[in-house]
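Inside the fold
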Amino acid sequence: MSVSIHLERRLNPPLAMRIAVPAAAVVAGLVAGGVILALGGHDPIDAYNSMWEGSLGSSDGIQASLIKACPLVLTGLAVATALRIGLWNIGGEGQLIIGATAATGVGLYATSLPGPLVLPAMILAGCLAGATWATIAAIPRALIGLNEIIVTLFLNYIAILLMDHLIFGPWADPKAFGFAYSRALPDAAMLPVIPGSYVHVGIVIAVVVAVTCWWLMERTPWGFSVRVAGGNARTAEYLGLHISRRMVIVLALSGAIAGLAGAIELTGVTNRLQDGISVNYGYSGVLIAFLARGRLLGVVVAAFLFATLVVGSYALQTTGVAQPIATIIEALIIVFLLAGDAALAFRVHMTRAPHALEPATAGVRS
Amino acid sequence: MLTSRATAGAAPEPGATSEPAATVLEVRGITKSFGDRVANDHVDLTLKAGEIRALLGENGAGKTTLISVLCGQYRPDAGTVAVRGRPLPPGSPRAALAAGIGVVHQDFRLVPRFTVTENVVLGTDSWGGRKVEQKVAEHAAAAGFQLDPGAPAWSLSVGELQQLAILKLLYRGLDILILDEPTAVLSPPQAAELFNSMRKLADGGRSIIFITHRLREVIAVADEVTILRHGKVVADREVAGLDALQMSVLMIGSDAAARHTASRAGNPGEVVLKLESATVEGRGVRALDRVGLEVRRGEIVGVAGISGNGQNALAELAAGIVRPMAGSRTCIASAVAYIPEARMERGLVGAMSVSENLSLRQYRRPTMSHPLWIWSHRMTSLARRLIEAFSIPVKNPDSRVADLSGGGLQRVLLARELDEQPDLIIAAQPTRGLDVASSAMVRSQLVGHRDRGAGVVVISEDLDEILELSDRVLVLFKGAVVGEYSRGSFDRAEIGLRMGGEGTD
């Protein structure tokens, strides 16, 4: 008696499955995480209760999630935007950091600027710095085909080291006693909060950027041409589209969005340049774009859910669960989600063969 | 040229079985659906030892699905496959192979950097060596293949690659060979050689299922024919006594689409495209060598030749995508349509919808967009109009173009490229791999646009097609024009010779 398992491609999974599979993935991730929690001596139900309370189950939790979602929406958008022309921007992390660094420079040194202009100038500087950082990778990619994944990735390390140089050196806060952060920014450099909450307006900006990107890529002729170039370069070439030029523009745009994330995180949350201004936001952006299947508006939803997970895992830590365990649970849910997404593309057949077939005659070699 | 069919009728003593003409493969009631679409509907098929059975059908008739079921890639919804009376477990490629079923795919699936021997033994336990090489050589000789066991696969011609793919199956002792459209990539002499080998293998007791679109080939080589239409078997009979017309009627269901009558002559006007002594090089190879070509309004210029002799460079040069490195290209056409040979790679964007693909040439027009806004309903209405006019087999204009069949893709391309009423049309292998209905549509569109006053270049390996459509014929061999003929003075035999590089001196 032998059982054979057979996979077959599924063209269009029905809507019900597209909802049920991710839901089941989250449940599976929670169950697996529960086992780990129990092994660690915690009551899984209690733990998940506090996770829920800290993320979606309370007003404070929702506000914390929104704050967390802001940089994630933007880094997710940076990746999804570059994907429109078929490029992988793995450098969101570096572009975010360089954006925050440039914004800090403006905030610390452009003291002659009138108050209301400080914030716009910082944000603009952040965008330009992020765009420049991405363009460094875009130009060799467009001209000689140098792999943008490698270049954007390595530029991350350069950006981090540059920031470290500044916050330990010229920009270091003399009162920080060697901790890695810069002098605090002036009050004029703080993003306002949404009235009635403690959520800064960054999330609104992020959603506006998402809608704008979606409009640009999906509703304008230029965006259409970018998708043609990303979908099939040889067809684009036949149609006479300049692929290289579009690659540079799109990657610069992608970098600008990540740089914006840096400037917003700086002015909305940290108020100074510091190590850990990015908690892997750039890399999480890749994951978020993937979970959103590269869809620009889908990124907003995926980033928010991702943020609730992150915030929930913080809440878990306040109940005494060790940080590694909280992170493992977070990771488990994401792994199950990704696995579910991959499994959706296949139909599984399991069959029991009544008897194993002997090899046929005619000198068959096994 | 082709092996006489007399041997087939005489049913020679097959080598592998004791009983003459024993049934080796019996397919009963195979049904397989994908969603709502029934690809195979209670298909029956019987294959005897030493028999060559043609499997005939249009694109989408269910041939590929049936083959995938036979070799265990698909699990049928119902029905059984039995080899020599023993049922095959469904959905097991390994069991199919163990029972002796082997497939030669259209793309061969070989490793270019490996030698002939290495490709043959790939996937078996052995790994080269002199003994194995000798054994490979013996198998090759027995099948009549002239293959050097030590030659790397990349150095082989298409015909030799195909022999290698078949040799792989023979070496494994497989004796039910399925050839999936083997002649699609071959020149007529290469195809004739393949038919010789097939007959030899069948006479040696092996059984062959031969998939094709070309009726003439069925008559030339097959003993029996199974014709599929919309997933159902509509004919299962001896080839002897059938003629091409009867088969085509069975295949497409009515005699309306029976071979188009030879088109009328064109009415040539001013020159729209002129190539003078044009030379194109690619990757250090001279792809086109001092080619001269004139295309006038209202005429179809056919370019005959076996693929790989500069057709691709000529098509891209004529369409204005590549520039000549020497010589000149003069084109006075205001709109040039290009139907590329590589439809998906050069003409379409697989991840985009049918409607978006249909708009690729028009999306920037003021009628369709503003710099900040595409009127998507206009895109959709253009798509609906073209889907209707060109009978593109799709219900929803927003479905992905990559999900269409070969004929559907070509209809999308034609619709998009011809909608602008171009003055010059470059069509490369425009009917390759298409079913009869789609091919007929392509040809009538090309003739229709010629009659409207467009200059048309048809580059094709199908000599019948060239002779039927063209007002003038050029023969391309090794990047050079080696012959030119006008309508009325076409000499099929001579053109065929020149395609093969003969008769040029």
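Remember, it's a predicted structure, so these values are computed and weren't measured experimentally. (Residues numbered from 1 in each chain as written. Chains lettered and ligands numbered in written order. Predicted model: local features only at pLDDT ≥ 70, side-chain atom pairs only at ≥ 80, totals over all residues. Heavy atoms only, no water.)

Points about the domain arrangement of chain B
With domains assigned, chain B is organised as domain 1 (6-100 + 175-256), domain 2 (260-335 + 421-505) and domain 3 (349-420). Computed from C-alpha coordinates alone, the two centres of domain 1 of chain B and domain 3 of chain B are separated by 37 Å. (Domains from an automatic or database assignment.)

Digging into the packing of aromatic side chains
The tally for this structure, following the rule as stated, stands at 6 aromatic pairs over all chains. Judged by centre distance (6.0 Å) and plane angle (65°), the ring pair of Phe154(A) and Tyr157(A) falls under edge-to-face. A residue pair is termed a helical-turn pair when its members lie 3 or 4 positions apart in one helix, as Phe154(A) and Tyr157(A) do in helix 6 (residues 148-168) at 3 residues. Over the ring of Tyr74(B) we find Lys32(B); its NZ or CZ atom is 5.6 Å from the centre of that ring. (Phe/Tyr/Trp six-rings, centres within 6.5 Å; stacked < 30°, edge-to-face > 60°. Helix = DSSP H or I, 4+ residues; strand = E, 2+ residues; numbered from the N terminus. Lys NZ or Arg CZ within 6 Å of the ring centre and 35° of its normal.)

Quick word on the sheet that holds strand 7 (residues 176-179) of chain B
Residue and element names in this part refer to chain B. On the basis of which strands lie adjacent, the open sheet formed by 6 strands has the order 6-7-8-3-9-10 and mixed pairing. Sheet topology places strand 6 (101-104) and strand 10 (232-238) at the edges, where each strand pairs with a single neighbour. Averaged over neighbouring strand pairs, the angle between their axes works out to 20° when direction is ignored. On the sheet, helix 2 (residues 63-70) packs against strand 3 (52-57), strand 6, strand 7, strand 8 (207-212) and strand 9 (224-229) and is oriented at approximately 135° with respect to strand 3. Across the sheet, helix 7 (residues 188-203) touches strand 3, strand 7 and strand 8, and the angle it forms with strand 8 is around 150°. (Pairing = 2+ DSSP bridges. Axes fitted to C-alpha atoms, helices over the stretch in contact; angles between N-to-C directions. Contact = heavy atoms within 4.5 Å.)

So, a nonpolar patch on the surface
All names here are of chain A. Together, Trp88, Ile149, Ile150, Phe154, Tyr157 and Phe290 line one region of the surface with nonpolar side chains, adding up to about 580 Å² of accessible area. For the nonpolar patch, the element with the highest residue contribution is helix 6, accounting for 4 residues. Residue position: Phe290 is located in helix 11 (residues 281-291). (Patch = residues over 30% accessible without salt bridge, like charges linked within 9 Å, V, L, I, M, F, W, Y side chains within 5 Å. Areas by Shrake-Rupley, 256 points an atom, 1.4 Å probe, with all protein chains shown as cover. Salt bridge = Lys/Arg side-chain N within 4 Å of Asp/Glu carboxyl O.)

A word on the sheet that holds strand 5 (residues 86-87) of chain B
To summarise the sheet geometry, strands pair through backbone hydrogen bonds and adopt either a parallel or an antiparallel arrangement. All names here are of chain B. With antiparallel pairing, the 4 strands of this open sheet are ordered in space as 2-1-4-5. In the strand order of this sheet, the two ends are held by strand 2 (37-48) and strand 5, each with one partner. Summarising the sheet, strand 4 (residues 78-83) and strand 5 pair through 2 bridges and their orientation is antiparallel. Looking at strand 5, one finds that Ala82 is bridged to Pro87.

Examining the interface of chain A and chain B
Where the parts come together, the accessible area they lose is often given as the size of the interface. Across the boundary between the two partners, chain A contributes 31 residues, which contact 48 residues of chain B. Roughly 3,400 Å² is buried in total at the junction of chain A and chain B, and carbon and sulfur atoms are behind 57% of that figure. For the pair chain A and chain B, the number of links is 2 salt bridges. Ionic pairing is found between Glu237(A) and Arg346(B), a salt bridge with its closest N-O pair at 2.8 Å. For the pair chain A and chain B, the number of links is 13 residue pairs in polar contact (both at pLDDT 80 or more). Per-element tally for the side of chain A that touches chain B: the top contributor is helix 8 (residues 221-231) of chain A, with 6 residues. (Buried area = accessible area lost by both parts, 1.4 Å probe. Polar contact = N/O pair within 3.5 Å; in protein donor to acceptor, adjacent residues only side chain to side chain.)

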